[in-house]
Amino acid sequence: MKKKLPKEAYGGVHGKDYVPYITDKSKIGGNVAVLIIGIILAAVFAASTAYSGMKSGLTVAAGIPGAIIGSVLVGAFANKKGLLGKNIIQGMSSGGESIASGMIFVLPAVILIGSQFSLTEGVIVGVGGVLFSIGCSTLVYNYLIIEEHGKLMYPESMAISETLVASDAGGDAIKFMGIGFGISGIINLLTSSFLNVINNVMTAVGSTFYKWKFSIEVNPLLLGIGFIVGLEVSLTMFAGSIFANFGVAPLIGYFTDMAADGATVWNNTSMALNQMDVNVISSSYVKYIGAGMMLCGGIIGAIKLIPTIVLSLKETLKAKSNGGDGGENSSSHMIILLGGIILGFVAAFLFSENIMMAILGAIVSMLLSLLFVIVAGRLTGTIGTSNLPVSGMTIASLVILTLLFVVMGWKSNADNKSLLLFATFMVVAIATAGGYTQSQKVTYIVGGSKSEMQRYFTIASIVGVIVVIGTILVLSNQLKVTGADAQFALPQANLMSTLTSGIMSGDLPWVMIIAGVFMAFVLYLLNLPIMTIAIGFYLPIATTSIILVGALIRVLVEKMSKNTELKEARVANGISLSSGLVAGGSIIGLIGIILQVTGIIKPNAPVGFAASNTMAIILLIVLAVSTTVAILSSKVKHDE
């Protein structure tokens, strides 16, 4: 029989009375082999998530892929550690991925404002955010994990726990991940991120009466993300892109065509207003409407969190007064928290322009981090880490901190860099809280050691900080490129740089920002997902269209499955294959860029038929058919 979690894992008993899957408390999950495997996977998921997130604006949680890969690797190299070893590895995978899922929202903005940061600055800020977050999260462990057992459902934690205890979780899942990695690797080797011998972008542009643009980037990584997030999210994002490219851009183009010959683009005086093509319209005007939409979405999201914030703080104080942080190694989290506070102040004095900025910036960023770390932990229990509104909480924090800087008169570009590094501390703390709380819930459910998970997750997160900062620095030349030809969309980081620079200088197209705010407010009144539509509005349509293709393949797979059992098996294997597509695309793409930067591979350009739209369409058909056929080959495995 397939092993299952006890039904009490989902509730029905008080958290203190829950009997975990493994009851032998003398067992530990970690050893040297587990540590090495965990560090490798933390680094891989950190680099992969950083690359894919900067490209698409979306990230994929690493808990379940980490559990699947961990099951195989523990079986091969640390079999005696069993399920508890696998749990440590999934936690470490989440640690690396969580760092990337937060840091890429803010840190690249330093590059976008024309500044730069050192490896030392990035590491101290990032590690400070990690330690501060883990220390604060442990303060509320008793409340979030034990007291609220069965009330906060932790959906992704339960899915990871089920994956860990299922005896046959590894076989098919790892096979399909390998297939996805292979498909993604081959296509990425041939296209722009590596050898670049065939074109993978199909583009059609309207340049006269109606200035529109449609394109699709044949990218396995993005297709995999679409399959994982599903039709609703993908279609909502695509709707935002349709609105931007077929509604707003042509409307702006219609009026700017009437402009007098002397009128120029607001941020490029060498470009005549009546000569703008759709790419200039999008980069100089439409994207600022998208920024206004995301700003409004972030603020509305933060306001809607106020009841959660109040409840979380009230319950936290009550839980602390009852003395519980889980009763295990109670002093370690205070040491970690103190380390985070010390590093936060060290970083502040390292990069701030004056002593007052260092002290005020550090105190305000830590208070905001504390607030949103608690909120992130609670929200993870409700919606999981994949749907955690990290960008919304970061926008709210950043606006508060930016206003403080303006009031104090700190408005230079160097001040803006300092502001963004304070914001990096905050976003790392918020993102880490989600992954850490999720991993501790899994540990509680399966019966692992809380303090052991704390140690290993901390190590993995520090590895993640180093890898993500290294990835951003390696890609810095590519990240500087903006506009239609940008290789990395960086929607969140672009928003952060736009907001801070614009508020400090007053040099923003405020009409566009305000119009975006009101568009988002209308979406809110219609009860539509503001941030999802806004990110679609902001992202290139080439990105959202291929994400939609991935979601449509999932719909096709579901429709072609004769019964529920077969559909579930195929979707599960499809998600594993898609995880392989994301991992393969990210890792091969990153290796390709490193080889180009170091001069080992010379930049190439497709020629002739290989450079045509038809070539991109053929590649799209090959990608779609190969993934669909592989997923449809799934068979149901019956329990013995």
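Calculation notes
- Residues numbered from 1 in each chain as written.
- Predicted model: local features only at pLDDT ≥ 70, side-chain atom pairs only at ≥ 80, totals over all residues.
- Heavy atoms only, no water.
- Helix = DSSP H or I, 4+ residues; strand = E, 2+ residues; numbered from the N terminus.
- Rg over C-alpha atoms; globule rule 2.2 N^0.38 Å.
- Contact = heavy atoms within 4.5 Å.
- Areas by Shrake-Rupley, 256 points an atom, 1.4 Å probe, with all protein chains shown as cover.
- Lys, Arg positive; Asp, Glu negative; His and termini not counted.
- Charge placed at Lys NZ, Arg CZ, Asp CG, Glu CD.
- Phe/Tyr/Trp six-rings, centres within 6.5 Å; stacked < 30°, edge-to-face > 60°.
- Buried < 20%, exposed > 50% of the residue type's maximum accessible area, 1.4 Å probe, protein only.
- Core = buried A, V, L, I, M, F, W, Y, C linked by side-chain atoms within 4.5 Å.
- 1 Å grid on protein atoms, 1.4 Å probe; cavity = no way out; pocket = protein on both sides within 12 Å on 5 of 7 lines; lining within 4 Å.
- Points joined across faces, edges and corners; volume = space filled by probe spheres on them.
- Nonpolar A, V, L, I, M, F, W, Y, C, P; charged D, E, K, R; others polar.
- Axes fitted to C-alpha atoms, helices over the stretch in contact; angles between N-to-C directions.
- Parallel < 35°, antiparallel > 145°, perpendicular 65-115°, else oblique.
- pLDDT = per-residue confidence, 0-100.
- Left-handed = near helix turned anticlockwise from the far one by under 90°.
- Expected span 1.5 Å × (residues − 1).
- Arc of directions from axis to C-beta.
- Pairing = 2+ DSSP bridges.
- Salt bridge = Lys/Arg side-chain N within 4 Å of Asp/Glu carboxyl O.

Examining the overall build of the protein
Link 1 in the chain: The number of helices and strands found in the protein is 23 helices and four strands.
Link 2 in the chain: Computed over the C-alpha atoms, the radius of gyration of the protein is 24 Å, within 12% of the 26 Å expected from 2.2 N^0.38 for a compact globule of 640 residues.
Link 3 in the chain: Projected onto its principal axes, the C-alpha positions of the protein cover 80 × 60 × 50 Å.
Link 4 in the chain: Across the protein, the fraction of contacts at a sequence separation of at least 24, relative to all contacts at a separation of at least 6, is 85%.
Link 5 in the chain: Approximately 24500 Å² of the protein is accessible, and the part contributed by carbon and sulfur atoms is 66%.
Link 6 in the chain: The averaged location of the 29 negative side-chain charges in the protein is 4 Å from the averaged location of its 35 positive side-chain charges.

Notes on the packing of aromatic side chains
Link 1 in the chain: As enumerated under the stated definition, the model contains 13 aromatic pairs in all.
Link 2 in the chain: When the ring of phenylalanine 243 is compared with that of phenylalanine 537, the centres are 5.5 Å apart and the planes differ by 70°; the resulting orientation is edge-to-face. Taken together, the residues phenylalanine 243 in helix α9 (residues 220-256) and phenylalanine 537 in helix α20 (residues 530-538) connect sequence positions 294 residues apart.
Link 3 in the chain: The class of phenylalanine 537 is buried, set by a relative accessible area of 3%.
Link 4 in the chain: Taking the centre distance of 5.3 Å and the plane angle of 65° together, the rings of tyrosine 436 and phenylalanine 457 count as edge-to-face. Of this pair, tyrosine 436 sits in helix α15 (residues 413-446) while phenylalanine 457 is found in helix α16 (residues 450-474), placing the two residues 21 residues apart along the sequence.
Link 5 in the chain: Put simply, the rings of Phe351, Phe405, Trp410 and Phe422 pair up and form one aromatic cluster.

Considering the nonpolar core
Link 1 in the chain: One finds Met393 and Val468 to be the most contacted residues of the largest nonpolar core, which totals 168 residues.
Link 2 in the chain: Sequence-distant contacts of valine 468, defined by excluding residues within four places in its chain, comprise Ala46, Ala50, Ile99, Ala100, Met103 and Ile104.
Link 3 in the chain: Formed by 24 residues, the second largest nonpolar core is a distinct cluster that contains Tyr141, Ile145, Ile160 and Val442.

A closer look at empty space enclosed by the protein
Link 1 in the chain: What the rule picks out here adds up to three cavities of 30 Å³ or more.
Link 2 in the chain: Of the voids in this model, the largest cavity is the one considered here, and its volume is about 50 Å³.
Link 3 in the chain: Taken together, Val125, Gly344, Ala347, Ala348, Phe351, Ala362, Ser365, Met366, Leu421, Phe422 and Phe425 make up the full set of residues lining the largest cavity.
Link 4 in the chain: Within the residue set of the lining of the largest cavity, elements represented by two or more residues are α12 (332-351), α13 (355-383) and α15.
Link 5 in the chain: Top contributing element to the lining of the largest cavity by residue count: α12, with four residues.
Link 6 in the chain: When its residues are assigned to classes, the lining of the largest cavity shows nine nonpolar, two polar and no charged.
Link 7 in the chain: Of the pockets and cavities examined, the second largest cavity occupies roughly 40 Å³.
Link 8 in the chain: The wall of the second largest cavity is formed by Lys27, Ile28, Gly29, Leu84, Asn87, Ile88, Thr443, Gly448, Ser449 and Glu452.
Link 9 in the chain: Here the lining of the second largest cavity gets three residues from one element, more than from any other, and that element is helix α3 (residues 82-103).
Link 10 in the chain: A class-by-class count of the residues in the lining of the second largest cavity yields three nonpolar, five polar and two charged.

What to know about the packing of helix α2 (residues 63-77) against helix α7 (residues 155-165)
Link 1 in the chain: At a closest axis distance of 9 Å, the pairing of α2 and α7 adopts a crossing angle of 10°. Comparing their axes, α7 and α2 come out roughly parallel. Contact with α2, carried on its side by Gly63, Ile64, Ala67 and Ile68, involves Ala159, Ile160, Thr163 and Leu164 of α7 and no other residues of that element.
Link 2 in the chain: Considered class by class, the residues forming the contact of α2 with α7 number six nonpolar, two polar and no charged.

Things to note about the confidence of the model for the protein
Link 1 in the chain: Within the protein, residue pLDDT values average 86, and 93% of them lie at 70 or more.
Link 2 in the chain: Ranking the elements of the protein by mean pLDDT puts helix α11 (residues 306-321) last with 66 and helix α23 (residues 613-632) first with 96.

Focus on the packing of helix α1 (residues 32-56) against α16
Link 1 in the chain: Packing of α1 against α16 leaves a shortest axis separation of 8 Å and a crossing angle of 40°. Between α1 and α16, the angle falls in the class oblique. When you trace α1 past α16, the crossing you get is right-handed. Listed contacts from α16 to Leu35, Ile39, Ala42, Ala43, Ala46, Ala47, Ala50 and Met54 of α1 are Tyr456, Ile459, Ala460, Val463, Gly464, Val467, Val468, Thr471 and Ile472.

Description of helix α19 (residues 510-525)
Each full turn of the α-helix corresponds to 3.6 residues, which orients residues three or four apart in the same direction.
Link 1 in the chain: The end-to-end C-alpha separation of α19 is 22 Å, in line with the 22 Å expected for 16 residues at 1.5 Å each.
Link 2 in the chain: Every buried residue of α19 is listed here: Met512, Ile513, Gly516, Ala520 and Leu523. Down the axis of α19, the buried set is contained in an arc of 100°. They therefore lie on one face. Relative to its buried face, α19 has exposed residues pointing more than 90 degrees away, namely Val511, Phe518 and Leu525.
Link 3 in the chain: On its buried face, α19 sits against α10 (278-304) and α20.

Side note on the side chain of serine 461
Link 1 in the chain: The residue serine 461 is located in helix α16 in this model.
Link 2 in the chain: The buried category is assigned to serine 461, whose relative accessible area is 0%.
Link 3 in the chain: Here serine 461 is in contact with Gly95, Ile99, Val130 and Thr432, once residues within four sequence places are set aside.

Description of helix α5 (residues 119-139)
Link 1 in the chain: For α5, with 21 residues, the first-to-last C-alpha span of 30 Å sits near the 30 Å given by 1.5 Å per residue.
Link 2 in the chain: Counting buried positions over the 21 residues of α5 gives 18, a clear majority of the element.

A few points about the pairing of strand β4 (residues 268-272)
Link 1 in the chain: Examined bridge by bridge, strand β3 (residues 264-265) and β4 share two bridges and lie antiparallel to one another. For threonine 264, the partnering residue across the bridge sits in β4 and is alanine 272.

Side note on the pattern of salt bridges
Link 1 in the chain: Enumeration according to the criterion identifies seven salt bridges in this entry.
Link 2 in the chain: Across the pair glutamate 217 and lysine 55 runs a salt bridge whose closest N-O atoms are separated by 3.5 Å. Pair noted here: glutamate 217 is in strand β2 (residues 213-217) and lysine 55 is in helix α1, with a separation of 162 residues, a long-range link. The exposure classification of glutamate 217 matches that of lysine 55, with both residues buried.
Link 3 in the chain: One salt bridge connects aspartate 257 with lysine 211, and the closest N-O pair in it is separated by 2.9 Å. Taken as a pair, aspartate 257 in the loop between α9 and β3 and lysine 211 in the loop between β1 (201-205) and β2 lie far apart in primary sequence, 46 residues in all.
Link 4 in the chain: Overall, the relative accessible area of 6% leaves lysine 211 in the buried class.

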